[in-house]
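# Structural overview
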Amino acid sequence: MDFGPFLFLASLEGLVQAAVLCLTALGLCLVFGVMRVVNVAHGEFFMLGAVLAWWITNLISTHPALGFVAALIIAPVMVGLIAFCADRLILKRLSYNPEATIVATIGLLYVIQQTVLITFGADARAVNAPFYFRVQFPWFGYSGYKLLVIVAAALILLGAWFVITRTRVGLMMRATQYDREMAQSFGIPVERVYTVVFAVGAMFAAVGAILVVPIRQAHYLMGLDPLLLSFIVVIIGGLGSIRGTVAAAILIGMSDGIISVFFSPTLAKMVSTTLVAFILVFKPEGLFGPSVVNFRIYPNHKGHKGYKRHLRLNKK
Amino acid sequence: MLKIEQLNAYYGTVQVLRDFSLSLGAGEVLCLFGRNGAGKTTALKSIMGLVQRTGSITVKGEELVNLAAHLIPRRGIGYVPQGRRLFAELTVAENMTIGLMARGLMTSGIMTKDRAAETRKKVLALFPPLASRLNQVAATLSGGEQQMLAMARALCLEPRVLLLDEPTEGLMPSMLATIREVIMALRHRGVAILLVEQRVEAVLPVADRVAFIENGRIKDVVGVEQLSENHGRLHKKYIGKYIGISQ
């Protein structure tokens, strides 16, 4: 295959990776942004989504599409319920203390992982795609399901963006993110918001896993990679920045996909982690993260509308 | 309207308020004066349920001490905190919507959609500069506009009791007049106002009574006319003793 089509194929693979990563990282970003909780168990919610999808499709084996749709509805709800219970029984009792919740979610990681190992075993489980069709490009045919994953992820992200920026629930989440105490003083039930955000964050990871499980396989150790990549994405995008998370997920997903196809997956991981190191050194707040001071309000900042005037005056 | 009895407030194991008692009638403005660290801000935070407290706080006879913090604004208590504490990355309109939501725009409260629109209009009439900046992010407003927004946000919940914590902090003299006018307007509407302030002269003209706090206890409550009568002798006694300003 020529370089051009090969690059196109690699880009498509990258887009699939980016789509799933967007969903997974968005969950982690929401939880950190609103609750200031570093959820180390986030990858296990991803794994749980995939394993439950396998279990549900096995129970409803009449038609792959029927089982898959049922999994897409039921598994995220089950994962959300588990996250809801984890929040109420563990995180709330720790008063959402940042240090204590890291240790608690590490514990949660092992509890979920080992429970899945005991219940479903150590074997990798395949899930059938809901349908099989190939989209024929001039140079190669490509899986229609993979293209559907990209479209589905984009639609879910659009929905999430709409809820966060255009609805009152989203406004409550953003207000809680900026000032918890003031949010309470204006009638926002902060602890309820936290519980919902933690559950929804886990559900995003589960949906990402369910979409990708027909391409990969469900396995009790599959949560580590998405967790690592999500942390990379959230750090590069800017902690708590949804716009940054989506941009970074596309960047990392695409580079990961392209480098994996042209070179090796190991090199792709090396590039991602090196990028994080550079970002941490040169732009610690991430690509779109809030800086400590909003420098744009000062005329000596490039983003200020009076910046040119400021330069002119300073020259004189 | 607001009655506080035997209130004790704590930060962890440290007790800040001790047997703090006050009462405030409808349409009354009470200023709380005291030195730094005397417990003025803690008194307001206690009413809002933001610190641990025991004792009794009632609004129109309804007990607040056992309520969760987020339920207190629904009883008609508005709070303008020290340092404004706006939701900095939200727009002016969004900050005001949060104020409107506090009285039950989301749930079954007094605030219906029509009433919310009307309230918003009334509040913007009090602070005209905000009307042209509804889509501007709060962090980019000037200090005076931010203070207006902090007050507007609290007024959006149609408060029966308004708690103001140093509303004149860092403001230029022309803004002080605006703040005083708004306080007077609210007073005429029957809103009970508890005002914490360091700049005594800035707020005395709008106050009915003054309470002096020392080491978390109310030491004296006097009518504002007592402070200015007798050629400043009483003025000196109270202000010098409790705030440490020589007149």
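Shown above is the structure to which this text applies.
A short tour of the structure in this document, coming up.

Rules and cut-offs
- Residue indices follow the written sequence of each chain, beginning from 1 at its first position.
- Following the order in which they are written, the chains are lettered starting with A and the ligands numbered starting with 1.
- In view of the model being predicted, local features appear only for residues whose pLDDT reaches at least 70, and side-chain atom pairs are presented and counted only at 80 or more, with totals across whole chains, interfaces and linings using the full set of residues.
- The way it works is that DSSP assigns letters per residue, a run of H or I at least four long becomes a helix, a run of E at least two long becomes a strand, and they are numbered from the N terminus.
- Whether a residue is buried, exposed or partly exposed follows from its count of other C-beta atoms within 10 Å of its own C-beta, namely 20 or more, 12 or fewer, or something in between, respectively; the C-beta atoms are built from the backbone.
- Contact between two residues is assigned when their C-beta atoms, built from the backbone, lie within 7 Å.
- Here a nonpolar core is just a set of buried residues of the types Ala, Val, Leu, Ile, Met, Phe, Trp, Tyr and Cys, joined wherever their C-beta atoms sit within 7 Å.
- The rule for pairing is simple: two strands pair if DSSP sees at least two bridges between them.
- Orientation is described by axes fitted as lines to C-alpha atoms, over the contacting stretch for helices, and by angles from 0 to 180 degrees between their N-to-C directions.

Let us now look at the overall build of chain B. The number of helices and strands found in chain B is 9 helices and 10 strands. Considering chain B as a whole, with its 247 residues, one finds that 44% of them fall into the buried category. Sequence separation of 24 or more characterises 66% of the internal contacts of chain B that already satisfy a separation of 6 or more.

To continue, consider unusual backbone geometry. One non-glycine residue, Tyr96 of chain A, lies in the positive phi region at around 55 degrees. The residue Tyr96 of chain A is located in the loop between helix 3 (64–91) and helix 4 (98–120) in this model. Accessibility expressed as a C-beta count within 10 Å gives 18 for Tyr96 of chain A, which makes it partly exposed. With phi around 50 degrees, Gln6 of chain B is a residue other than glycine that occupies positive phi space.

Turning our eyes to something else, we now look at the nonpolar core. Ala50, Ala53 and Ala206 of chain A together with Leu195 of chain B are the most contacted members of the largest nonpolar core, which totals 163 residues. Beyond its immediate stretch of four places on either side in the chain, Leu195 of chain B contacts Val29, Leu30, Cys31, Leu32, Leu164, Val203 and Ala207 of chain B.

Within a beta sheet, neighbouring strands are joined by backbone hydrogen bonds and run either parallel or antiparallel to one another. Residue and element names in this part refer to chain B. The strand order 6-7-8-3-9-10 describes an open sheet built from 6 strands, whose pairing is mixed. Strands at the two margins of the open sheet, each flanked by one partner only, are strand 6 (77–80) and strand 10 (217–223). On average, each strand axis in the sheet is inclined to that of its neighbour by 20 degrees, with strand direction left out of account. Strand direction decides the pairing type here: strand 3 (residues 29–33) and strand 8 (residues 192–196), joined by 4 bridges, are parallel. Residue pairing across strands places Val29 opposite Ile193, the latter belonging to strand 8. Helix-sheet contacts for helix 5 (residues 143–155) involve strand 6 and strand 7 (161–165), and the interaxial angle to strand 6 is about 170 degrees.

This part covers helix 6 (residues 168–178) of chain A. Here helix 6 of chain A lies mainly inside the structure; 8 of its 11 residues are buried. Within helix 6 of chain A the residues assigned to the buried category are Leu171, Met172, Met173, Arg174, Ala175, Thr176, Gln177 and Tyr178 of chain A.

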